[in-house]
Amino acid sequence: MLSSKIAPARESIGTRSALRPTFLWAAVFAIVVALVLRHLHEQPALPPLDPLYGNSEDALPALITKLNGLPKEQQLPLLLQYVHSASAGLRYAAVDQLGNWKTPEATAAVKQAFQDYDSEVRRRALYELPRMDFLKGQQLLAAALQDEDPWVREDAATQLALITERHKQKLDPSLVPALVQATEDPDINVSQMAMSALAHWLHRPWHVSMLAPQTLRQKMAAQWIRWWQTKRTHWPVSRQFVATGPVAPTLTVPCPDFTLRMIDGRTLTPRTQRGRITLLTFWGFNCGPCMAEQPDLNALYERYVGKPVDIIGVVVGNNTASEVRNYCRRNNVIPPQGMATPLLLRQFGCIEDVPVNVLIDPQGRICRIWQGAPRDPEPYSKVIDQLLTGVKGS
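Since the model is a prediction, treat every value here as computed from it, not as a measurement.

Parameters and conventions
- Residues numbered from 1 in each chain as written.
- Predicted model: local features only at pLDDT ≥ 70, side-chain atom pairs only at ≥ 80, totals over all residues.
- Heavy atoms only, no water.
- Phe/Tyr/Trp six-rings, centres within 6.5 Å; stacked < 30°, edge-to-face > 60°.
- Buried < 20%, exposed > 50% of the residue type's maximum accessible area, 1.4 Å probe, protein only.
- Helix = DSSP H or I, 4+ residues; strand = E, 2+ residues; numbered from the N terminus.
- Lys NZ or Arg CZ within 6 Å of the ring centre and 35° of its normal.
- Contact = heavy atoms within 4.5 Å.
- Axes fitted to C-alpha atoms, helices over the stretch in contact; angles between N-to-C directions.
- Parallel < 35°, antiparallel > 145°, perpendicular 65-115°, else oblique.
- Left-handed = near helix turned anticlockwise from the far one by under 90°.
- Nonpolar A, V, L, I, M, F, W, Y, C, P; charged D, E, K, R; others polar.
- Disulfide = S-S within 2.5 Å.
- Salt bridge = Lys/Arg side-chain N within 4 Å of Asp/Glu carboxyl O.
- Pairing = 2+ DSSP bridges.
- Right-handed = clockwise from strand over helix to strand, strands pointing away.

## Considering the packing of aromatic side chains
No. 1: All told, the structure shown has eleven aromatic pairs when counted by the stated rule.
No. 2: Ring centres of tryptophan 228 and tryptophan 235 lie 5.7 Å apart, and the angle between their planes is 70°; on these two criteria the pair is classed as edge-to-face.
No. 3: Its relative accessible area of 21% is what places tryptophan 235 among the partly exposed residues.
No. 4: For the ring pair tryptophan 370 and tyrosine 380, a centre distance of 4.7 Å and an interplane angle of 70° mean the geometry is edge-to-face. Separated by ten residues along the polypeptide, tryptophan 370 in strand E8 (residues 365-371) and tyrosine 380 in helix H16 (residues 378-388) bring together distant segments of the chain. Tyrosine 380 carries the same exposure label as tryptophan 370, and that label is buried.
No. 5: Taking the ring centre of tryptophan 101 as reference, the NZ or CZ of lysine 72 above it sits at 4.9 Å.
No. 6: Cation over ring: arginine 375 sits above tryptophan 151, and NZ or CZ is 4.2 Å from the ring centre.

What follows is the structure, given as structure tokens:
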């Protein structure tokens, strides 16, 4: 009898012991949920964004839809308004659609857009202006062949190669000097396309493919230089092209009131960066172009150590600070790193695709946005060096 009374008691104790971990897990789960809710409370979801003010991929179809719903006489005034929008995506879309107009106002607005701080707006203007006004477009292409941005130089050379190959329009001979100079461009894509344009235009066999070895590329470029030495004295140059030089971006906008939390615990804001030059490099772990550019960014960071210049990575993705630290250590990523948030990405133009490099001047203004990579570090260092000349104590 005694043993029969004890057995149920032991069973009850065993059952309670088995249930104890369940209670513990439930408590842990409740704590986690509470922390998540607290986090969501601290960082509320962003309100829906009008796609018209999103990035260029969102803004362009939204603008086309808006224009299709308007009478013809209202479309151009709206585009001329949007080309000055604070949203770079909307400026890009406005330039794209202004290309369908050939009025003096539209032409002037697109030409002015080439001075935008955003690389994609500048590249769009470079494509649209020749369609609107071929002479002004050629002048802009000549200027773009000397641009600080190798991607802009490549776009200019590519357009000229396509024009000469298709024989749709006759180029002004004044473009030849700029194209010959571009055959020696350090960017192989620029030099290749410049040689292709000259070869089709002037019916010379001196061009190479993208896969040609560097020695052959240099040989063909030297051939063009020698040819030009025999022609330059009497080569006709139109007065419209005499003073053609590079066109630097002049448009700037105030930096958004951002907060960037660094993986070392610091917090960066426009106020902390006042008086310093800041290059924010938005990138991600699974981005091939980002990693291809990283050695140049490492060198850029080390070049400006001790000067009022900050090269700062901004990691895009669902990563923890610990994961970022480990990744950077394994892959030799030297610049200090911060963590992107949805708000931060929206503040800098609704960034979705990386890499994107944003340059902020000492006065807290965005003066350049370079979208895409890898680029030669030349455009970054050239603008930074120009800004340094105006920084006290540099």
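On we go.
## Quick notes on the environment of threonine 244
No. 1: The topology assignment puts threonine 244 in the loop between helix H12 (239-242) and strand E1 (253-254).
No. 2: Residues threonine 244 and alanine 143, 101 residues apart in the sequence, show an inter-C-alpha distance of 5.9 Å.
No. 3: Threonine 244 has contacts with Gln139, Ala142, Ala143 and Gln146, leaving out every residue within four places of it along the chain.

## Re the packing of helix H2 (residues 56-68) against helix H3 (residues 72-82)
No. 1: Relative orientation of the contacting elements H2 and H3 amounts to 150°, with a least axis distance of 10 Å. With respect to H3, the axis of H2 lies roughly antiparallel. When the axes of H2 and H3 are compared, the crossing they make is right-handed. Along the contact surface, H2 presents Leu63, Lys66 and Leu67, while H3 presents Gln75, Leu78, Leu79 and Tyr82.
No. 2: Grouping the amino acids of the contact of H2 with H3 by side-chain chemistry returns five nonpolar, one polar and one charged.

## A word on the state of the cysteines
No. 1: Across all of its chains, the model carries one disulfide by this definition.
No. 2: Cysteine 287 shares a disulfide with cysteine 290; S-S distance 2.3 Å. Its S-S torsion of about 80° marks the bond between cysteine 287 and cysteine 290 as right-handed, since a negative value means left-handed.

## Examining unusual backbone geometry
No. 1: Following valine 354, the chain continues into proline 355 via a peptide bond in cis, with omega recorded as 10°.
No. 2: Here proline 355 is to be found in the loop between helix H15 (342-347) and strand E7 (356-360).
No. 3: Here the amide bond leading from alanine 373 into proline 374 is cis, since omega sits at 0°, within 30 degrees of zero.
No. 4: The residue proline 374 is located in the loop between E8 and H16 in this model.

## Some remarks on the pattern of salt bridges
No. 1: Applying the stated rule across the entire model yields 16 salt bridges.
No. 2: With a shortest N-O distance of 2.6 Å, aspartate 116 and arginine 91 are connected by a salt bridge. Residue aspartate 116 is found in the loop between helix H5 (104-113) and helix H6 (119-132), and its partner arginine 91 is found in helix H4 (residues 88-98); the two are separated by 25 residues along the sequence. Per residue, the accessibility class of aspartate 116 equals that of arginine 91, and both read buried.
No. 3: Between lysine 136 and aspartate 133 there is a salt bridge; the shortest N-O distance is 3.6 Å.
No. 4: We classify lysine 136 as partly exposed; its relative accessible area is 35%.
No. 5: According to the relative accessible area criterion, aspartate 133 is partly exposed, its value standing at 23%.
No. 6: One continuous salt-bridge network, built from bridges that share partners, spans Asp96, Arg124, Glu128 and Arg131.

## Quick look at the pairing of strand E4 (residues 277-283)
No. 1: The element E4 is largely enclosed, with a buried count of seven among its seven residues.
No. 2: As paired elements, E4 and strand E5 (residues 309-315) share seven bridges and run parallel to each other. Its bridge partner lying in E5, threonine 281 is registered against glycine 313.
No. 3: Chirality of the crossover, the property in question, places the unit of E4, helix H13 (residues 288-303) and E5 among those that are right-handed.
No. 4: Pairing of E4 with E7 involves five bridges; the strand directions are antiparallel. From the neighbouring strand, leucine 279 faces E7, where its bridge partner is leucine 359.

## A short note on the pairing of E7
No. 1: Counting buried positions over the five residues of E7 gives five, a clear majority of the element.
No. 2: Burial along E7 is two-sided: Val356, Val358 and Ile360 and Asn357 and Leu359, pointing in opposite directions, are all buried.
No. 3: Sheet analysis places E7 next to E8, joined by five bridges and oriented antiparallel. Bridge pairing in E8 links asparagine 357 to tryptophan 370.
No. 4: Connecting E7 to the antiparallel partner E8 that follows it, the hairpin turn spans four residues, and glycine 364 within it adopts a positive phi of roughly 80°.

## Topic: the sheet that holds strand E6 (residues 337-339)
No. 1: Strand order in the open sheet formed by eight strands is E1-E8-E7-E4-E5-E6-E2-E3, and the pairing between neighbours is mixed. Taken across any chain shown, the strands that pair with only one partner, and hence form the sheet edges, are E1 and strand E3 (267-268).
No. 2: Here H13 sits on the sheet in contact with E4, E5 and E7, set at roughly 160° to E4.

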